[in-house]
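Per-entry structural report
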Amino acid sequence: MYRFLLTPRWWAINVFAVLAIPVCLIAGMWQLGRFEHQVDNHRQAQEQAEATGAPRPLDQLLPLTTETVGEQAEVTGTFDAGRQLLVPGRRLEGETGFYALAMLRPSDGSPALPVVRGWLPGTADAGRVPEPPAGEVTVTGAVQAPESPSEVEGPTDGLPSGQLGVIGAASLINVLPYPVTDGWLTVRDAEEPMRAVPVTAPSGTGLDMDAFQNLGYTAEWFVFAAFTVFMWFRLVRREVEQRRDAELGIAPPQPAPPMPRPREDVPARSGSPAPPA
């Protein structure tokens, strides 16, 4: 009954199924591996961002990479009290407020370091921000990558003087007369009444849309493999049924003949007698 599987036509179908199924499974496992890799990267980035290890000199962490973002750094210098900035529209624990941003001029003469001294709820108001400590200080906190306007929830342009929408050298270069580090520091312990800004994982390490696309592709490849198996069994069953019907003399139903089309009047040729009325 199943000798038809050895015919040339079925050899082609069998070879296609035998090759397609493992290809689909391998592609699905590869997409699943990419998704798991991004999950591991996201977990490692979160653990690194939440770590509170021993601080290191800032120059050992620059230039910033995904491995150094979130590391604890220690910088000695003097705050530029005359150029404090406010970063409005920032949320913390479900509340909307603003960051207090100050420029720390390192003692070794390196570019100024933006330091987020803390967060305050409500509308941005410079009168509510405590003055930065005078003289030389040592600041400890987590190093953060420069922000991108597309990643910022608050306003990024059209802000009044003394406010900043995006923390990074690209925006600070327009308001500062001296070079600045392309990154920033969030202090570990904020001065009252401010609250310390939590560390965030570097961009590109989260479970973004690309990661879930890999998960969707995984499901698609597994569905393709299952569909190939289903279609092979369906074709085999159909072939068996047709051969069994032929052995029993059961002819498949014939399609109905087409209906004859009505004749159209043929126009008379030029010079020929007209038909009688």
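In this report, the structure presented in the accompanying data block is examined. Note that this is a predicted model, so its numbers are computed, not measured. (Residues numbered from 1 in each chain as written. Predicted model: local features only at pLDDT ≥ 70, side-chain atom pairs only at ≥ 80, totals over all residues. Heavy atoms only, no water.)

Let's talk about the overall build of the protein chain
Cut-off, in case you're wondering: Secondary structure elements are taken from DSSP: a helix is a run of H or I of four residues or more, a strand is a run of E of two residues or more, and numbering for both begins at the N terminus. Buried residues are those whose accessible area, probed at 1.4 Å on protein chains only, stays under 20% of the maximum for their type, while exposed residues exceed 50% and partly exposed ones sit between those limits. Should any heavy atoms of two residues lie within 4.5 Å, those residues are counted as being in contact. For accessible areas, the Shrake-Rupley method is used with a probe of radius 1.4 Å. Any residue's cover is judged against the shown protein chains and nothing else.
Regarding its fold elements, the protein chain presents three helices and seven strands. Ordered by position from N to C terminus, the α and β elements of the protein chain give α-β-β-β-β-β-β-α-β-α. Burial analysis of the protein chain (277 residues in total) assigns 33% to the buried set. For the protein chain, long-range pairs separated by at least 24 residues make up 71% of all intrachain contacts whose partners lie at least 6 apart in sequence. Roughly 17,700 Å² of accessible area belongs to the protein chain as shown, and the carbon and sulfur atoms make up 59% of that amount.

Quick look at the pattern of salt bridges
Heads up, the condition is: Each salt bridge in this description consists of a side-chain nitrogen of Lys or Arg and a carboxyl oxygen of Asp or Glu lying within 4 Å of one another.
Overall, the coordinates contain seven salt bridges when judged by the stated rule. One salt bridge in this structure joins R237 and E241, with 3.3 Å as the shortest N-O distance. Here R237 and its partner E241 are both found in helix 3 (residues 209–247), four residues apart, which amounts to about one turn of the helix. For E241, a relative accessible area of 33% corresponds to the partly exposed category. Residues joined by salt bridges that share partners form a network here, namely E93, E95 and R195.

A short note on the packing of aromatic side chains
What counts is decided by this rule: Stacked, tilted and edge-to-face pairs are distinguished by plane angle, under 30 degrees for stacked and over 60 for edge-to-face with tilted covering the rest, among Phe, Tyr and Trp rings (Trp via its six-membered ring) whose centres lie within 6.5 Å. Here, over-ring charges are defined by two tests on the NZ atom of lysine or the CZ atom of arginine: distance to the ring centre within 6 Å, and angle to the ring normal within 35 degrees.
The final tally for this structure, using the stated rule, is two aromatic pairs. Judged by centre distance (5.1 Å) and plane angle (85°), the rings of W232 and F233 are edge-to-face. R105 extends its terminal NZ or CZ atom over the ring of Y178, reaching a point 3.8 Å from the ring centre.

Brief notes about the pairing of strand 7 (residues 184–187)
Rules: Following DSSP output, two strands are said to pair if at least two bridges run between them.
Side chains W184 and T186 project from strand 7 onto one buried face, and the interleaved L185 and V187 project onto a second face that is buried too. Note: strand 5 (residues 113–121) against strand 7, two bridges, orientation parallel. Bridge pairing in strand 7 links V116 to T186. As paired strands, strand 6 (residues 136–144) and strand 7 are joined by four bridges and run antiparallel to one another. When the sheet's bridge partners are listed, G141 is paired in strand 7 with V187.

A look at the layout of surface pockets
Heads up, the condition is: Of the two site types, the cavity is a set of points on a 1 Å grid over the protein atoms alone where a 1.4 Å probe fits but cannot get out, and the pocket is an open set with protein on both sides within 12 Å along at least five of seven lines, each lined by residues with an atom within 4 Å of a point. Grid points are joined across faces, edges and corners, and a volume is the space filled by probe spheres set on the points. All amino acids are sorted into three groups, where Ala, Val, Leu, Ile, Met, Phe, Trp, Tyr, Cys and Pro are nonpolar, Asp, Glu, Lys and Arg are charged, and the leftover types, Gly among them, are polar.
For the second largest pocket, the calculated volume is near 180 Å³. The greatest single-element share of the lining of the second largest pocket, amounting to three residues, is contributed by strand 2 (residues 72–79). Here the lining of the second largest pocket is built from residues that sort into six nonpolar, four polar and three charged.

What about the nonpolar core?
Selection rule: Side-chain atoms within 4.5 Å link the members of a nonpolar core, which is a set of buried Ala, Val, Leu, Ile, Met, Phe, Trp, Tyr and Cys residues.
Among the nonpolar cores identified, the biggest contains 18 residues, and Y99, L101, V116 and L172 are the most heavily contacted of them. Breaking this core down by element, the ones donating at least two residues are strand 3 (85–92), strand 4 (95–106), strand 5 and helix 2 (169–172). Apart from residues lying up to four places away in sequence, V116 is in contact with Y99, A100, L101, I167, W184, L185, T186, V187 and V197. Residues A73, V75, F79 and L113 belong to the second largest nonpolar core, which totals 14 residues.

Re a nonpolar patch on the surface
Going by this rule: A patch is a set of surface residues, each over 30% in relative accessible area and not in a salt bridge, joined within 9 Å for like charges and within 5 Å for the nonpolar side chains Val, Leu, Ile, Met, Phe, Trp and Tyr.
A contiguous nonpolar patch, built from L6, W11, V15 and L19 and spanning about 440 Å² of accessible area, is present on the exposed surface. Within the secondary structure layout, W11 lies in helix 1 (residues 8–50). Taking the relative accessible area as the measure of exposure, W11 reaches 48% and is therefore partly exposed.

Focus on the environment of P57
Residue placement: P57 occurs in strand 1 (residues 56–57). In the structure, P57 is positioned 83 residues away from T140 in sequence and 9.7 Å away in space, judged by C-alpha atoms.

Some thoughts on the side chain of E147
Heads up, the rule is: Each polar contact in these results corresponds to two N or O atoms within 3.5 Å; when the atoms are within protein, one needs to be able to donate a hydrogen and the other to accept it, and residues that are neighboring in sequence are counted only if both atoms are side-chain atoms.
Mapped onto the elements of the fold, E147 is located in the loop between strand 6 and helix 2. Looking at E147, its side chain comes within polar contact range of the side chain of R90, at 2.8 Å. Setting aside residues no more than four positions away along its own chain, E147 makes contact with R90, V152, G165, V166, I167 and W184.

Structural notes on unusual backbone geometry
With an omega of -5°, the peptide bond between L62 and P63 qualifies as cis. For P63, the position within the fold is in the loop between strand 1 and strand 2. With an omega dihedral of 5°, the bond running from E192 to P193 counts as a cis peptide bond. Note on placement: P193 falls in the loop between strand 7 and helix 3. Its identity as a non-glycine residue notwithstanding, E93 has a phi of 55°, on the positive side. When its relative accessible area of 68% is taken as the criterion, E93 is described as exposed.

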